[in-house]
Structures are given as C-alpha cells and as structure tokens.
Amino acid sequence: MPRDESLQGSLMLICFGTAVVLFSVSWRTSFSRLTLASPIESQGNVGNLAVRKLGDLWRNNRSSKFSRSIDREYSVPQIAQAVFARESHLVVDLSDRLVYIYRNDRLQASYPVAVGQLGWETPTGSFQVLQMNQNPAWRQPITGEVIPSGANHNPLGDRWIGFWSDGRHQIGFHGTNEEHLIGQAVSHGCLRMRNQDIRMLYPLVAKGTLVLVRR
C-alpha cells in the first residue's frame, strides 16, 4: 500500500507540473499574438525604449527584470499597440481617394476618403503621425471659430490623426458630420473619413507611424 500511495503521489505531481507548463506556454503564445497582431486602441504616449525592446524581450524570454520595469511604466495595451503600429504604414492615393493600411508590407484594409479642394490641396510626400486625439475640438481655418469637442456640428467627428503642420494649420485624418461627401475633393486639405472607418483605423497607428501621400 505505501508503494501504491507513493506512486499515486508521483503521478499527481507530474500531472500538476504538466498543467503548469501548458498554462505558461498558452499565456506566452496569447501574449505574443496580442503584442504582434492585435489592434489595441492607444491610451497615451509610449516610450521608444519599450517599443524597441519589447519584441526581443518576450520572443527570446530574456530579462524578467527588464520586463517588470517596462510593466511599471507602460500598460500592456500601450506596448502592444505601439509594436503593432511600428509594423504598419499608411498610403493615401489622392487620385483614387483611398487610404491603404499595410502591415509588414501586406495590405490589410482600405477606406475611402474626401481630399482637399482646389486651392486647399492635400500635401503630398512622406510624413509621420504627429498627433492622435479622441473627440477633438475644431478651429475653422478661415474665421478662427472654435467648435468644441462632442458638438453635433463638429466636422472632425470623434477621431483625429494629424500628420502635417506648418505651425498654424494642421492636416490629418478625421471623421465627419457629412459622410455623404466622402470620396470628393471638398476639404481644407484634411482627409475626411466615415466615422466608423476612422474608428477602425485609429487603433492601427501611433505617433511615428509612416504616412505616404501620393497623387
């Protein structure tokens, strides 16, 4: 009987150890997928150090001390979103009036946009995301009138992704209160999007994400 009890105890210990190992592998696999693939909405600025080191840190299962220091300074959604955004870039085709989202040079999605009207053309070239805001206020570029965030007649909708500024005026992607004008050249240089579309785009980018605008 003592021998049977000893054998039973050993088997239980082996089963418990196996369960712990499987749980650990499953958690790391899920975290890796979250970090590298999931679009998670930005919740603030993310330090360059965390962005540069995070992938190698968890892929190679290296310094847990560094991991803890990153966890104290940045949330998991911030870090995951920043890593995802570093692998993404946007291409705006003004002639097609579409924005294309690429990740690792593979097309992920495209959305229609309204572009700048005659005399207020959307600038072309290579840019980076400079600002990201939810529920932005809007300043009319000619009169200077300010329409507060959340107002029904705010033409920016509830998302702003800025990528160009001359110090006075700013240009970026934003929602709209006139979705029927999407696909036309009607803006003051900005790229208007349907509100549901920019809500999809917003978590796929971060400050520093590359934006290419071409004719």
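This text goes with the structure placed above it.
Remember, it's a predicted structure, so these values are computed and weren't measured experimentally. (Residues numbered from 1 in each chain as written. Predicted model: local features only at pLDDT ≥ 70, side-chain atom pairs only at ≥ 80, totals over all residues. Heavy atoms only, no water.)

**Q** Would you take a moment to explain the overall build of the chain for this structure?
**A** In terms of helices and strands, the chain carries 5 helices and 13 strands. The buried share of the chain, reckoned over its 215 residues, is 39%. Within the chain, residue pairs in contact and separated by at least 24 positions form 61% of the contacts whose partners lie at least 6 positions apart. Accessible surface computed for the chain: about 12700 Å², of which carbon and sulfur atoms make up 51%. (Helix = DSSP H or I, 4+ residues; strand = E, 2+ residues; numbered from the N terminus. Buried < 20%, exposed > 50% of the residue type's maximum accessible area, 1.4 Å probe, protein only. Contact = heavy atoms within 4.5 Å. Areas by Shrake-Rupley, 256 points an atom, 1.4 Å probe, with all protein chains shown as cover.)

**Q** It is not clear to me how the packing of aromatic side chains should be interpreted in this structure. Could you clarify?
**A** For any pair of aromatic rings, the description consists of the separation of the ring centres together with the inter-plane angle of the planes. As enumerated under the stated definition, the model contains 2 aromatic pairs in all. Seen in terms of ring centroids, Phe 127 and Phe 163 are 5.5 Å apart; in terms of plane orientation they differ by 45 degrees. Their pairing is tilted. One end of the pair, Phe 127, is in strand β5 (residues 125-128); the other, Phe 163, is in strand β9 (residues 159-165), with 36 residues separating them in the sequence. Residue Phe 127 is classed as buried on the basis of its relative accessible area, which comes to 14%. The interplanar angle of 50 degrees and the centroid separation of 5.4 Å between the aromatic rings of Phe 163 and Phe 173 together place this pair among those described as tilted. Of this pair, Phe 163 sits in strand β9 while Phe 173 sits in strand β10 (residues 170-174); the two residues are 10 residues apart in sequence, bridging distant segments of the chain. (Phe/Tyr/Trp six-rings, centres within 6.5 Å; stacked < 30°, edge-to-face > 60°.)

**Q** So what exactly am I meant to see when it comes to the sheet that holds strand β1 (residues 88-93) here?
**A** Two modes of strand pairing occur in sheets, parallel and antiparallel, and in both the strands are linked by backbone hydrogen bonds. The strand order β3-β2-β1-β13-β5 describes an open sheet built from 5 strands, whose pairing is mixed. Both outer strands of the open sheet, β3 (106-112) and β5, are each paired with one neighbouring strand and no more. On average, adjacent strands in this sheet sit at an angle of 20 degrees to one another, irrespective of strand direction. Note: β1 against strand β13 (residues 210-214), 5 bridges, orientation parallel. Residue pairing in the sheet places Val 91 in a bridge with Leu 212 of β13. (Pairing = 2+ DSSP bridges. Axes fitted to C-alpha atoms, helices over the stretch in contact; angles between N-to-C directions.)

**Q** Would you explain the sheet that holds strand β12 (residues 191-192) in this entry?
**A** A sheet is described by the order of its strands in space; here 4 strands give the open sequence β6-β9-β10-β12, paired in mixed fashion. Across the chains shown, the open sheet's two edge strands, defined by having one partner strand only, are β6 (131-134) and β12.

**Q** Looking at this structure, I do not really get the pairing of strand β2 (residues 98-103). What am I missing?
**A** In the case of a regular strand, side chains alternate between the two sheet surfaces. Here β1 runs beside β2; their pairing, made up of 6 bridges, is antiparallel. Bridge assignment links Ser 88 to a residue of β2, and that residue is Arg 103. Hairpin remark: β1 followed by β2, antiparallel, with 4 residues in the connecting loop; positive phi at Arg 97, about 55 degrees. Relative to β3, β2 runs antiparallel, the two being bridged by 6 bridges. Counterpart to Tyr 102 in the pairing with β3 is Leu 107. Turn length for the β2-β3 hairpin, with the two strands adjacent in sequence and antiparallel, is 2 residues, and the turn residue Asn 104 shows positive phi of about 50 degrees.

**Q** How should the side chain of Ser 88 be read in this particular structure?
**A** Its location among the elements puts Ser 88 in strand β1. A relative accessible area of 7% means that Ser 88 is categorised as buried. Setting aside residues no more than four positions away along its own chain, Ser 88 makes contact with Tyr 102, Arg 103, Leu 204, Thr 209 and Leu 210.

**Q** What is the right way to read unusual backbone geometry from this model?
**A** Only a minority of non-glycine residues have a phi that is not negative, and only a minority of peptide bonds are not trans. The backbone phi angle of Asp 105 is positive, close to 65 degrees, even though this residue is not glycine. Among the structural elements, Asp 105 can be located in the loop between β2 and β3. Accessibility expressed as a relative area gives 66% for Asp 105, which makes it exposed. In this structure, Asn 135 is a non-glycine residue whose phi angle is positive, near 50 degrees. Relative to the elements of secondary structure, Asn 135 occurs in the loop between β6 and β7 (138-139).

**Q** Please clarify how the layout of surface pockets should be interpreted in this entry.
**A** Vacant regions in the atomic arrangement are exposed by a probe of water-molecule size rolled over the atoms. Of the voids in this model, the largest pocket is the one considered here, and its volume is about 700 Å³. Lining the largest pocket are 27 residues, and of these Trp 138, Arg 139, Pro 141, His 169 and Gln 170 sit closest to its centre. Of all the elements in the fold, those that place two or more residues in the lining of the largest pocket are β6, β7, β9 and β10. A class-by-class count of the residues in the lining of the largest pocket yields 13 nonpolar, 9 polar and 5 charged. (1 Å grid on protein atoms, 1.4 Å probe; cavity = no way out; pocket = protein on both sides within 12 Å on 5 of 7 lines; lining within 4 Å. Points joined across faces, edges and corners; volume = space filled by probe spheres on them. Nonpolar A, V, L, I, M, F, W, Y, C, P; charged D, E, K, R; others polar.)

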